[in-house]
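The residues making up each chain are set out below.
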Amino acid sequence: MPGPPEGQFLERDSSDRYEPGTRATLIKNVTLWTGGRNGTEVVHGDVLLDRGLVRSIGHIPRALYVDRDTDVVDAHGAWVTPGLVDLNTHIGLISAPAMAGALDYSSSHGPILPWLRTIDGFNTHDDAFALAVAGGVTTVQVVPGSENVIGGQAFMVKLRKTSERTSMSMLIEPPYALNGSKPDPDLPGRWRYLMQACGESVKRYGNRMDTVWALRSAYAEARKVRDAQDAFCMRAEAGLWNEIADESYPEDLRWEALVDVLRGRVKVTMQCSEAVDLDGAVRLSQEFKFRIASFHNAHEAYLVPGLLETTYGGVPTIALFSDESRYKREAYRGSKFAPRVLADYGFPVAMQSNHPTLNSRHLLFEAQQAHYYGLPPPLALASVTSVPAAAAGLSHRIGILREGADADVVLWDSHPLQLGATPRKVWIDGILQVGNDSDHVRIGLGKTSPEWLDPPQVPDFDAEREAALKFEGLAPLAPQKTVAGRVAFRNVKEVFLRQSGDDSAGVVVSHFGLDGTANAGVTHVTVDRGRVTCVGPVCEGEGRNAEVVVDLRGGTIAPGMMAFGSALGIEEIESEPSTGDGILYDPFKEVVPSMVGDFGGLTRVDDALLFGTRNALVAHRAGVTYATTSFVQSPLFLRGKFVGGLSATFRTGAPNALERTAIIKSVTALHISIGRPAPTSDSPQVPSLSTQIATLRRLLLEGEDTRTQTGEWFKKAAEGTIPLVIDVSSADIMATLIRLKSEVEEKRGTYMRMVFSRATEAYLLAKEIAHVDIGVILSPPRQYPWSWDDRRALAGPPLTNETALAILLKHGVTVGLGNWHTPHVQDTRFDVGWAVLESNNWINKRQAYELVSTNLEKLLDLEGWVGDMGDLVAYEGGSALDFTGKPVAIVSPAKAAVELL
């Protein structure tokens, strides 16, 4: 039976993954979070790595390394942790950049496929390996896609390319039969892994009843094989050779993996989100008596802990996103407080990426957010190290640093739970993967103060957590109180306001705590009817007559942020067409009906706006008080339609479109999307790139009757009376668009307001983009080589010194930040704070706020529409740009009121 080896395993002299010639490494003066003792063990001292193993921890005598070739690294007290473990990825199956020749994550050959193996489709040339390691991730479970009820066998992989350069050599403890080897009778067996799914993901093979029946039928077949094997062996053991002389040992290659499940040799992963699906999975485990090692994407697990405690064989690990709610109906009730709730019930909680749903490189960010919303620091770190390692049955070698464990080690530039924590160095099997001194990458500049070595002091969310449970994930999101009179904010550490006046309207200026260095003290701010009337110590007396006094306890007042690039306001649930605008006509694929009166089918977002969606209200409460939304949507590596319609700008907290301040600008910009087709067979057919450019040229050069919507608005874009926002990734395409802009301006004698959004490779043309005065909206802020057009995405530290954002700003380009994934809009302020840190603090806080407020307003021609009537957000306890602050109030001059959240 599989299981951890006996004590002698940790006494081994060399790892089975040791690469001959690897030098030993001594990491001196570390603060080591080992992962031991439920995440509470911290050791101060040294760590010696040798022959692929952690050789020694603590005080290390020179005699252990002085006579051998040893690299010495002085950590200067910095944090060291085990390499991170991601329990749910499709890495190597959906490779970066995504291409049709390397999409091997799901099969179309039926719902029950336990005989398929992800190792058979594992691409060793996936660019995501290096990126994940740059985030401190050293081991991942590679699972098949969730579109099959049983998708196949998964494998645990280390992200170090070996000298053999093969898929097999990257596996950790591969099952013996996989490579033809025989089990060692003196050692426990090795775990196998299997992926099963339920709920919405497998709908193409039927409904939920079909799913459970398919599973029961499959396990019934496997049980027949197992019982036949047992009967055969019983007769053999009884010496009844005559009865089995003409029989072969019962085997069936189709069901052998499920037979091993029934024999307890397989770590089963179940991807189930909703209570009904979790219930079905638990009943299945009880009926066929097999253990479930982990539930993935278990959004409603926190609502049914009692059910999950009855899972056959013991409590499973629950693998979660920090908050990926509302992208499906089954995820609609998901909660960012789920990790804490489940931990309180005693469940092991693992944070996951489901790469490439989330970039595995940012796995630690999931743990950081879980901590921000209440998960204690030891459990937050354990959720990406020791817990997933234990769920995989591999904690004897990964996930916990102890003598004899695998030498998978990360040296961080700050406490790992601090926003923007970046690996200075990463070792896998004792071999340095990231942080070679010869690379000369600057990491952690500006993180020299002592507080960076401590976990952040996060806010108290007890009330919100209790409300999430009480209302089963759908707690009310309305303000607690709206105050039309005077509100006094006490003990404010930082104040960033919009500057009024003809010469500087809309510019964010700091009145206190500029860039976090001006004054360590606090001040006071008074607001009357939604307008700031006083800033400074003198306001203390003025605030005595206030209707409400709010103590921000060293907090911040800053501009409300704007969302750009997502479907915020035009859908409630991404995968539910009935909750959104519906399917738009695509003139490249079909003839737009004549009754529409416009051959291009150009549409306006303001005609389809939905107010009061949970995504919008959650974003509002997170300090994102405005949104500019178009019909261009780019999930993962897919591109939107060529014509993205006319965007609108609106307030995220407005109750309906008729409310006076709800719609800020009904037509903000004209949007199009230009790029190469997505590499998936079921994606919409996109015309050739040259056809897209030719069409755009014709439309801009008066190619269509201006009495039509398409003709009218493309003419306005050519004349510069409305911004033309182009969703584009490739620098080559951007170069063509720059030439086209010059051609149109020369022939028409106009000036175009062109903006590149998404803009993955814009940094390659920063000088040229600045020269022609094109704006850029990086969406998402941390970019990734999703597709061929994105393949030159700039990684940033620890792989490169520069980021795309910093390069563009240094060249004088006006830059805004956006986010295409609607549930993540609420994280906008963290995106901005992270961008500042990745720039090694080259970007100051004033510039940071401008990236998601006044810069976007300038690019989208909204300066006169928001201006000094723009909202402000008050954060209690700390900064808006890290994990210390909590939004508690929204100051709205347009509404002449303050909302207390």
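The text that follows walks through the structure, step by step, so that each part is easy to find. No experiment lies behind these values; they were computed from the predicted model shown. (Residues numbered from 1 in each chain as written. Predicted model: local features only at pLDDT ≥ 70, side-chain atom pairs only at ≥ 80, totals over all residues. Heavy atoms only, no water.)

Some thoughts on the nonpolar core
Argument step 1. Ranked by size, the top nonpolar core spans 89 residues in total, and within it Tyr219, Leu258, Leu278, Phe290, Phe295 and Ile318 carry the most contacts.
Argument step 2. For this core, the element with the highest residue contribution is helix 2 (residues 208–237), accounting for six residues.
Argument step 3. When sequence neighbours within four positions are dropped, the list of residues in contact with Ile318 reads Phe295, Ala298, Ala301, Leu308, Leu342, Phe347, Pro348, Val349 and Ala350. (Core = buried A, V, L, I, M, F, W, Y, C linked by side-chain atoms within 4.5 Å. Buried < 20%, exposed > 50% of the residue type's maximum accessible area, 1.4 Å probe, protein only. Helix = DSSP H or I, 4+ residues; strand = E, 2+ residues; numbered from the N terminus. Contact = heavy atoms within 4.5 Å.)

What to know about the sheet that holds strand 10 (residues 266–271)
Argument step 1. Judged by pairing direction, the sheet is mixed, and its eight strands sit side by side in the order 6-7-8-9-10-11-12-13 without closing on themselves. Each having just a single partner strand, strand 6 (84–89) and strand 13 (349–351) make up the two edges of the open sheet. Direction aside, the axes of adjacent strands within the sheet are offset by 25° on average.
Argument step 2. In this sheet, strand 7 (residues 137–142) lies alongside strand 6 in parallel orientation, the contact comprising four bridges. Across the sheet, the residue bridging to Val85 is Thr139, located in strand 7. (Pairing = 2+ DSSP bridges. Axes fitted to C-alpha atoms, helices over the stretch in contact; angles between N-to-C directions.)

Let's talk about the pairing of strand 23 (residues 561–564)
Argument step 1. Burial of the side chains of strand 23 extends over both faces: Met561 and Ala563 are buried on one face and Met562 and Phe564 on the other.
Argument step 2. One ladder, built from four bridges, connects strand 23 with strand 24 (residues 624–629); its direction is parallel. Bridge pairing links Met561 to Val624 in strand 24.

A few points about helix 8 (residues 363–372)
Argument step 1. Of all ten residues in helix 8, ten are buried, a share of seventy percent or more.
Argument step 2. The complete set of buried residues in helix 8 reads Leu363, Leu364, Phe365, Glu366, Ala367, Gln368, Gln369, Ala370, His371 and Tyr372.
Argument step 3. After helix 8 finishes, the residue Gly374 shows a positive phi value of roughly 125°.

Observations concerning the environment of Val212
Argument step 1. Note on placement: Val212 falls in helix 2.
Argument step 2. With relative accessibility at 28%, the residue Val212 sits in the partly exposed group.
Argument step 3. As a C-alpha pair, Val212 and Val149 span 63 residues in sequence and 8.7 Å in three-dimensional space.

Considerations on the state of the cysteines
Argument step 1. According to the stated counting rule, one finds two disulfides in the structure shown.
Argument step 2. Bridging Cys534 to Cys539, the disulfide has an S-S length of 2.0 Å. Across the S-S bond linking Cys534 and Cys539, the dihedral sits near -95°, which makes this disulfide left-handed. Of the two residues examined, Cys534 and Cys539, each falls in the buried class.
Argument step 3. What links to what in the chain: the bonded cysteines, counted in sequence order, pair as 1-2, 3-4. (Disulfide = S-S within 2.5 Å.)

Side note on the sheet that holds strand 28 (residues 670–673)
Argument step 1. Taken in spatial order, the six strands line up as 25-28-29-30-31-32 in an open sheet, and their pairing is mixed. Of all strands in the sheet, those bounded by a partner on one side alone are strand 25 (643–646) and strand 32 (815–817). Neighbour-to-neighbour, the strand axes of this sheet turn through a mean angle of 20°, independent of strand direction.
Argument step 2. In the sheet, strand 28 pairs with strand 29 (residues 724–728) via four bridges, with the strands oriented parallel. Bridge assignment links His671 to a residue of strand 29, and that residue is Val725.

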